[in-house]
Amino acid sequence: MAIQDHLIKATYPNFEGGCQRNRGSWTGCIQPTELSPSYKVKVEYVSGERPNVYVLDPALRHREPNEPIPHMYDQKRLCLFYPSSGDWSPADPIAHTVIPWASLWLYFYEIWFLTGEWLGKGIHSE
Amino acid sequence: MTAVSQLEELLQRIGYKLDLTPTQHQLAEERYKSVGKWLQEAQGVIGGRNTEIYPQGSMRLGTTVKPVKREDREGKIFYQEQKEYDLDFVYELNLRPEENSPMAVLEALEKRLREHDGYKRMIERKKRCVRLVYSNEFHMDILPACSMSPHSTLIAIPDRERRAWLSSNPKGFASWFEGRAGQGKKEFLESIQPLPDHTYAKPPLVRVVQLLKRWRDHSFNKEMAPCSILLTTLAGYLFQGEIGILDALHSFTTRLKSEIGQSNRVLRVSNPTNPGEIFSEQWEKFPASYREFCVQVQSLGEQIDQLLKNPGLEKAQDIFKNLFGEASVKDALKDSALALQKLREEGRLRVDVKTGILGAAAVRSVAVKPNNFFGNEIL
């Protein structure tokens, strides 16, 4: 956990937060492209479990009231990898996986919001 | 990539979507050459080996524009549907204009095309040419012409209404335009070099002309719309080697507004390679169309200014949609997302550590490892 904490803060100067025992939480800003707003995101991690990523500000938007945002868990957390695919394991640094994926997710989210198509591929579970 | 270079990429991609596709382009090439061969094999004034068929206008300049579709004009009152690309060709004959009647040449051309089983069903007679319609793809306007002198590119072209030869200079015009578009070429090529894939990019002036034509198709009522050669010439005159499309569009509107503001009279635009040929004739005959043009240029300028002042993806989408139609922008956005997805699949995508910005070449960056977005889409 201390390594995760160190790598996140050392890699992304604008990320703040820390860890206590087996829990960590970090907040920072990600801007997927120069034309995008800077999104404030929060990463929560409990040792050995799947890290959770939330977008705090600006809030994510739906295209239509009844149309879900693709690739989210319960419309709250970003789904950045397929749990059993081996994309991610607790041995992987969050700084080199989850955070870049969050930026990528936000990029495809923006394109989805404007075009209605998710062009980042991925696996859906309806 | 800076915000402006990202907008630049979008505009290049919008332009790319307006181009003939590579397949359509090849088809057009094959077809006009077949027409040329058919004409050359004819007997009499129209045939012979010393004749030549060649593209002129947008096909020659690389400024073809995909026809506007109904859905692109959603919410607009004025709407004209065009199904095909408009491609122009010159069939240059080995004749002296003073020894031949323009009407006889037009008739001979049409007669020869009617002798062909395929072409005879595709013919439409136009003011100065004969059109072959390839339904839903493109139509080819074949303009018969006679060289006026072996020492120049000037040609004589027939006009049905005036029953006379008029002078024109499509080859000269193309060289002039290429010269204008070639300004700043070195800087432009350097500017696109860092892009991972820039095969979709064309010189800014070429894209500016396409975008102006699409803006015209999208924003003007048919009777008011400035013709393509007029827009192309204006853009060529006003271009000063800007290395970006957005910058060039901005300069275009700024300089044009200043030209317009200098006089109460209608702006006069002549053929730079044939000064007697006035391209702005329509404005003189129909001043309301000139006033409409001035209003639209003002609005175009305001929208470009807004975008430069406050560049953002959503804003850009909004403005481009308004200027060029929803489908064009959507397609361009999709293309850029697919290009990024491709980088990702090739393992070339990186994330800038200071900002989280994605790209192929960030300096202080980490690689984006492979992943699959997952989710249970419950609202």
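The rules behind these values
- Residues numbered from 1 in each chain as written.
- Chains lettered and ligands numbered in written order.
- Predicted model: local features only at pLDDT ≥ 70, side-chain atom pairs only at ≥ 80, totals over all residues.
- Helix = DSSP H or I, 4+ residues; strand = E, 2+ residues; numbered from the N terminus.
- Rg over C-alpha atoms; globule rule 2.2 N^0.38 Å.
- Pairing = 2+ DSSP bridges.
- Axes fitted to C-alpha atoms, helices over the stretch in contact; angles between N-to-C directions.
- Left-handed = near helix turned anticlockwise from the far one by under 90°.
- Contact = placed C-beta atoms within 7 Å.
- Domains from an automatic or database assignment.
- Nonpolar A, V, L, I, M, F, W, Y, C, P; charged D, E, K, R; others polar.
- Core = buried A, V, L, I, M, F, W, Y, C linked by C-beta atoms within 7 Å.
- Buried ≥ 20, exposed ≤ 12 C-beta atoms within 10 Å, placed from the backbone.
- Arc of directions from axis to C-beta.
- Parallel < 35°, antiparallel > 145°, perpendicular 65-115°, else oblique.

**So, the overall build of chain A**
Part 1 of the reasoning: Per the secondary structure count, chain A includes two helices and six strands.
Part 2 of the reasoning: In chain A, the succession of helices and strands from N to C terminus is α-β-β-β-β-β-β-α.
Part 3 of the reasoning: For 126 residues, the compact-globule estimate of 2.2 N^0.38 gives 14 Å, and chain A sits close to it at 14 Å.
Part 4 of the reasoning: Seen through its C-alpha atoms, chain A measures out along the principal axes to roughly 40 × 30 × 20 Å.

**A look at the sheet that holds strand β10 (residues 350-352) of chain B**
Residues and elements named next belong to chain B.
Part 1 of the reasoning: Taking strand neighbours across the sheet as the criterion, the three strands line up as β11-β10-β12 in an open arrangement whose pairing is antiparallel. Two strands lie at the open edges of the sheet, namely β11 (358-359) and β12 (365-367), each paired on one side alone.
Part 2 of the reasoning: Relative to β12, β10 is paired through three bridges, and the arrangement is antiparallel. By the bridge assignment, R350 is partnered in β12 with A367.

**Regarding the packing of helix α7 (residues 204-219) of chain B against helix α9 (residues 245-261) of chain B**
Residue and element names in this part refer to chain B.
Part 1 of the reasoning: Contact geometry of α7 with α9 gives a least axis separation of 9 Å together with a crossing angle of 60°. Helix-helix and strand crossings are classified by hand; for α7 and α9 the assignment is right-handed. Every residue of α9 that contacts α7 at P204, L205, R207, V208 and L211 is listed here: I245, A248, L249 and F252.

**With respect to the domain arrangement of chain B**
All names here are of chain B.
Part 1 of the reasoning: Taken domain by domain, chain B comprises domain 1 (3-17 + 175-337) and domain 2 (19-170).
Part 2 of the reasoning: Placing the centre of domain 1 and that of domain 2 at their C-alpha centroids yields a distance of 26 Å.
Part 3 of the reasoning: Facing 24 residues of domain 1, the contacting portion of domain 2 comprises 19 residues.
Part 4 of the reasoning: Listing elements by their share of the side of domain 1 that touches domain 2, those giving two or more residues are α1 (3-18), α7, α8 (228-238), β9 (274-278) and α13 (326-345).
Part 5 of the reasoning: The biggest single contributor to the side of domain 1 that touches domain 2 is α7, with seven residues.
Part 6 of the reasoning: The class makeup of the residues in the side of domain 1 that touches domain 2 is five nonpolar, eleven polar and eight charged.

**So, the sheet that holds strand β2 (residues 23-30) of chain A**
Adjacent strands of a sheet pair through backbone hydrogen bonds, lying either parallel or antiparallel.
Residue and element names in this part refer to chain A.
Part 1 of the reasoning: Strand order across the open sheet formed by four strands is β1-β2-β3-β4, with antiparallel pairing between neighbours. At either end of the open sheet lies a strand with only one pairing partner, and these are β1 (16-20) and β4 (52-57). Sheet twist, expressed as the mean angle between neighbouring strand axes with direction ignored, is 20°.
Part 2 of the reasoning: As paired strands, β1 and β2 are joined by five bridges and run antiparallel to one another. Paired with G18 across the strands is S25, a residue of β2.
Part 3 of the reasoning: Where helix α2 (residues 98-115) meets the sheet, its contacts fall on β2, β3 (39-46) and β4, and the angle it forms with β3 comes to roughly 140°.

**A look at the interface of chain A and chain B**
Part 1 of the reasoning: Across the boundary between the two partners, chain A contributes 47 residues, which contact 38 residues of chain B.
Part 2 of the reasoning: Mapped by element, the contributors of at least two residues to the side of chain A that touches chain B are β5 (72-73) and α2 of chain A.
Part 3 of the reasoning: Here the element with the most residues in the side of chain A that touches chain B is α2 of chain A; it accounts for eleven residues.

**Concerning the nonpolar core**
Part 1 of the reasoning: L80, A102 and W105 of chain A together with I14, V208 and A235 of chain B are the most contacted members of the largest nonpolar core, which totals 87 residues.
Part 2 of the reasoning: With residues up to four places along the chain from it excluded, the contact list for V208 of chain B reads A235, I245, A248, L249 and F252 of chain B.
Part 3 of the reasoning: L87, F89, L109 and A145 of chain B belong to the second-largest nonpolar core, a separate cluster that totals 34 residues.

**Brief notes about the environment of V133 of chain B**
Part 1 of the reasoning: With respect to the helices and strands, the residue V133 of chain B is situated in strand β4 (residues 130-134).
Part 2 of the reasoning: When the C-alpha positions of V133 of chain B and Y54 of chain B are compared, they lie 18 Å apart, and in sequence the two are 79 residues distant.

**Observations regarding the environment of L246 of chain B**
Residues and elements named next belong to chain B.
Part 1 of the reasoning: Within the secondary structure, L246 sits in helix α9.
Part 2 of the reasoning: For L246, a count of 22 C-beta atoms within 10 Å gives the class buried.
Part 3 of the reasoning: Each C-alpha atom of the pair L246 and S365 lies 29 Å from the other, and the pair is 119 residues apart in sequence.

**Some points on the pairing of β9 of chain B**
Part 1 of the reasoning: Relative to β9 of chain B, strand β8 (residues 270-271) of chain B runs antiparallel, the two sharing two bridges. Along β9 of chain B, the bridge assignment pairs N271 of chain B with N274 of chain B.

**Looking at helix α1 (residues 2-11) of chain A**
Part 1 of the reasoning: Considered for burial, the residues of α1 of chain A that qualify are Q4, D5, I8 and T11 of chain A. Projection of α1 of chain A onto a plane perpendicular to its axis shows the buried side chains occupying an angular sector of 155°, all on one side. Opposite the buried face of α1 of chain A, by more than 90 degrees, sit the exposed residues A2, I3 and A10 of chain A.
Part 2 of the reasoning: Tucked inside the fold, the buried residues of α1 of chain A contact β1, β2 and β3 of chain A together with β12 of chain B.

**Some remarks on the packing of α8 of chain B against α9 of chain B**
All names here are of chain B.
Part 1 of the reasoning: It is at 10 Å that the axes of α8 and α9 come closest, and there the two elements cross at 95°. Here α9 runs roughly perpendicular to α8, going by the angle between their axes. Mapping the contact onto sequence places L234, A235 and L238 in α8 and S251, F252, R255 and L256 in α9.
Part 2 of the reasoning: Looking at the contact of α8 with α9 residue by residue, the classes come out as five nonpolar, one polar and one charged.

**Digging into unusual backbone geometry**
All names here are of chain A.
Part 1 of the reasoning: Residue D57 is joined to P58 through a cis peptide bond whose omega torsion reads -5°.
Part 2 of the reasoning: Positionally, P58 belongs in the loop between β4 and β5.
Part 3 of the reasoning: Backbone geometry places R21, a non-glycine residue, at a positive phi of 45°.
Part 4 of the reasoning: Tracing the sequence through the fold places R21 in the loop between β1 and β2.
Part 5 of the reasoning: Judged by the 8 C-beta atoms lying within 10 Å of it, R21 is exposed.
Part 6 of the reasoning: Phi angles above zero are rare outside glycine, and Q75 is one such case at about 60°.
Part 7 of the reasoning: Mapped onto the fold, Q75 is located in the loop between β5 and β6 (77-78).
Part 8 of the reasoning: On the basis of neighbour count, Q75 is assigned to the partly exposed category, with 14 C-beta atoms found within 10 Å.

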